[in-house]
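Read off the chains here:
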Amino acid sequence: MHNIALLRLQMNHLVTQARQDLHSLSVMNDQSDQSQILQRLWDTVSTMHFISEMLANQASMPGYYVLPAPTLLPQQNGTTNQTSIPPITPLPNQTLPPPNQRQFTIEELATYDGKNGRPAYVAVDGVVYDVTNNRAWAAATHFGLTAGKDYTAEFQSCHAGQQSILATLPIEGSLT
Amino acid sequence: MEQPILPPESLTNEAIAARLTTTADKKQREGLIKKRNLVYLELNGCSGNIISLLNGQNPTFEYTLHSLVNLRYSNSLMASEGEQATEKLIDVLDEDFILAVEGAVALKDEGLYNVIGSWNDQPLTGLQAAQMLGERASHILAVGACATHGGVSAAKPNPSESVSLQDVLPDRNMIKLPGCPVHPDWFLGTLAHLLLYGEPETDNLGRPLMFYSTLIHDRCPRRPFFDRGIFAEKLGDKTCLFKLGCRGPVTRTDCPTRQWNGSVNWPIGDDTPCIGCSQFGFPDAMAPFISFDTTRVVKDE
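Residues numbered from 1 in each chain as written. Chains lettered and ligands numbered in written order. Predicted model: local features only at pLDDT ≥ 70, side-chain atom pairs only at ≥ 80, totals over all residues. Heavy atoms only, no water.

- Looking at an unreviewed UniProt entry, one finds chain B named Ni/Fe hydrogenase and attributed to Salipaludibacillus keqinensis.
- If you open the UniProt record of chain B and go to Sequence similarities (unreviewed entry), you find "Belongs to the [NiFe]/[NiFeSe] hydrogenase small subunit family." (UniProt positions renumbered as here; feature names shortened; annotations may be inferred.)

- The name recorded for chain A in an unreviewed UniProt entry is Cytochrome b5, from Salipaludibacillus keqinensis.

1. A closer look at the overall build of chain A
Next up, step 1: Scanning chain A for helices and strands turns up five helices and six strands.
Next up, step 2: Helices and strands appear in chain A in the N-to-C order α-α-β-α-β-β-β-β-α-α-β.
Next up, step 3: For chain A, the residues scored as buried account for 38% of the 176 residues in total.
Next up, step 4: Taking contacts inside chain A between residues at least 6 apart in sequence as the whole, the part at least 24 apart equals 65%.
Next up, step 5: Carbon and sulfur atoms make up 59% of the accessible area of chain A, which totals about 10300 Å². (Helix = DSSP H or I, 4+ residues; strand = E, 2+ residues; numbered from the N terminus. Buried < 20%, exposed > 50% of the residue type's maximum accessible area, 1.4 Å probe, protein only. Contact = heavy atoms within 4.5 Å. Areas by Shrake-Rupley, 256 points an atom, 1.4 Å probe, with all protein chains shown as cover.)

2. Overview of the sheet that holds strand 2 (residues 121-124) of chain A
All names here are of chain A.
Next up, step 1: Pairing is mixed across the open sheet formed by four strands, whose spatial order is 1-6-3-2. Bordering the open sheet on either side are strand 1 (102-104) and strand 2, each of which pairs with just one other strand. Each strand of the sheet is rotated relative to its neighbour by a mean of 40 degrees, with strand direction disregarded. (Pairing = 2+ DSSP bridges. Axes fitted to C-alpha atoms, helices over the stretch in contact; angles between N-to-C directions.)

3. What to know about the pattern of salt bridges
A side chain with one charge can pair with a side chain of the opposite charge if their charged atoms come near.
Next up, step 1: Within the structure shown, the criterion is met by 15 salt bridges over all chains.
Next up, step 2: Where Arg-40 of chain A meets Asp-21 of chain A, a salt bridge forms, and the shortest distance between an N and an O atom there is 2.6 Å. Of this pair, Arg-40 of chain A sits in helix 2 (residues 31-60) while Asp-21 of chain A sits in helix 1 (residues 4-27), and the two are 19 residues apart along the sequence.
Next up, step 3: The exposure class of Arg-40 of chain A is partly exposed, given its relative accessible area of 39%.
Next up, step 4: The shortest N-O distance in the salt bridge between Asp-227 of chain B and Arg-223 of chain B comes to 3.0 Å. Separated by four residues within a single helix, Asp-227 of chain B and Arg-223 of chain B lie in helix 12 (residues 223-227), roughly one turn from each other.
Next up, step 5: The structure contains a network of salt bridges with shared partners spanning Arg-135 of chain A together with Asp-218, Arg-223 and Asp-227 of chain B. (Salt bridge = Lys/Arg side-chain N within 4 Å of Asp/Glu carboxyl O.)

4. What about unusual backbone geometry?
Next up, step 1: Following Lys-156 of chain B, the chain continues into Pro-157 of chain B via a peptide bond in cis, with omega recorded as 0 degrees.
Next up, step 2: With an omega of 0 degrees, the peptide bond running from Cys-180 of chain B to Pro-181 of chain B counts as cis.
Next up, step 3: For Pro-181 of chain B, the position within the fold is in the loop between strand 9 (175-177) and helix 9 (184-197).
Next up, step 4: In this model, Ala-139 of chain A sits at a positive phi of 55 degrees, which is unusual for a non-glycine residue.
Next up, step 5: By secondary structure assignment, the location of Ala-139 of chain A is in the loop between strand 3 (127-130) and strand 4 (141-142).
Next up, step 6: For Ala-139 of chain A, a relative accessible area of 7% translates into the label buried.
Next up, step 7: Although it is not a glycine, Asn-120 of chain B adopts a positive phi angle of roughly 55 degrees.
Next up, step 8: Mapped onto the fold, Asn-120 of chain B is located in the loop between strand 5 (115-119) and strand 6 (122-125).

5. A few points about the interface of chain A and chain B
Next up, step 1: Tallying the contact residues gives 36 residues for chain A and 39 residues for chain B.
Next up, step 2: When the two sides are added together, the surface that chain A and chain B hide from each other amounts to roughly 2900 Å², 59% of it contributed by carbon and sulfur.
Next up, step 3: The largest contributions to the chain A side of the interface with chain B come from Phe-50, Arg-135 and Phe-143 of chain A, which together make up 25% of the buried area.
Next up, step 4: A salt bridge links Arg-135 of chain A to Asp-218 of chain B, with the nearest nitrogen and oxygen atoms 3.4 Å apart.
Next up, step 5: Taken together, the links from chain A to chain B amount to 13 residue pairs in polar contact (both at pLDDT 80 or more).
Next up, step 6: Looking at the side of chain A that touches chain B, the elements with two or more residues in it are helix 1 and helix 2 of chain A.
Next up, step 7: Tallying contributions element by element places helix 2 of chain A first for the side of chain A that touches chain B, with six residues. (Buried area = accessible area lost by both parts, 1.4 Å probe. Polar contact = N/O pair within 3.5 Å; in protein donor to acceptor, adjacent residues only side chain to side chain.)

6. Side note on the sheet that holds strand 3 (residues 97-102) of chain B
All names here are of chain B.
Next up, step 1: Strand order in this open sheet of five strands is 2-1-3-7-9, and the pairing throughout is parallel. Sheet topology places strand 2 (69-74) and strand 9 at the edges, where each strand pairs with a single neighbour. On average, each strand axis in the sheet is tilted by 20 degrees relative to the strand beside it, whichever way the strands run.
Next up, step 2: Here five bridges tie strand 1 (residues 36-42) to strand 2, and the two strands are oriented parallel to one another. Within strand 2, the residue paired with Asn-37 across the bridge is Asn-70.
Next up, step 3: Contacts from helix 9 reach strand 1, strand 2, strand 3, strand 7 (139-143) and strand 9, with the element oriented near 170 degrees to strand 7.

Set out below in structure tokens:
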């Protein structure tokens, strides 16, 4: 998957992208657009750094072409032995889970505590969400909360009205 | 020629800081900038912020004393002691001054868990000093985790009943500089902005946007590893430290670009996770700082 020709192609693409962004920045005046392009430029440079490290790594080990890099997206990583995550459709009435979803008791939910390689699930308003690879849940903890519990009240107290947060999380089932 | 062009000057941190300090020096000689009084009050804390401040470069702490402010009171650094020191504090009350406070305010037993001096043979508590000076200061800077939100001093079980500075001065606007400790640039930069241009633009939590606007995660040089799901398994690994409990994704500071100890390095650059020391609620809300037993799937060889 990560052969050298492909990495080179990706690198060239990033260089083109970076040059385009530099040009855009040098001619534009709009502050709000500038910050978006700066962010993209930053990400581009980080990715170039990453790929150059990867290339250097391969160059130093001639017989070692394929890195043990996971081919899965971060959202799917760590849940490979679970049922695959359906595409997320952020509907307004998301509190009603699809009928084919798994039913969790509170005791079952408690086993998905993000320890010993297990995924990290939390429940809000009766829906069970996967936070295993959610960036705000490093090591399956979030501002003193640990995974595997029902956090309806906590979500209300800190994120009232921010249903968009939930809409981005993969749904694993519902709480009975 | 209306188009903005990329500046030809050097844009390293050192070069920018040197240009700023030279300009400030010049303006001061020309009488365009006036030094103002600064009271630096240390309450219930560890003095870590003032130690961090002494590590400042571009500008240094010496520059701050010579050119930026008249430091009228500092528990740690002043030569006076006893009631003579307190007298200096009382003298400032009738003048214009900027108040910087590090450390939390201990409330238990009317503040007697944190006594900073004596006045008229009575103990002067941190609570009294914070209220007395806070009401009269022209600007207030809450410096460090303890002053901004209670921090380590207010961590469970909080035996001294410590609270943030805002809790004892609910009606005063203050600039909040969280961090354990605060970066010398965050404090000196805010102070310089205050003297040159007035109060800097802040977010809804009172933090200056120039230092606290961006998530560490969005500027992290290891972000590509996160995006590809390549995670460190132990301290010292050169990949994304997310599965060990990195708090970079919930902490807003410019650490990845500013770095520490004279822009030499920063925690993630030294392969150890961010512990979220600049996030409100630190340390309790950011614990555990490191976890090895996590969602990471360990494959057998």
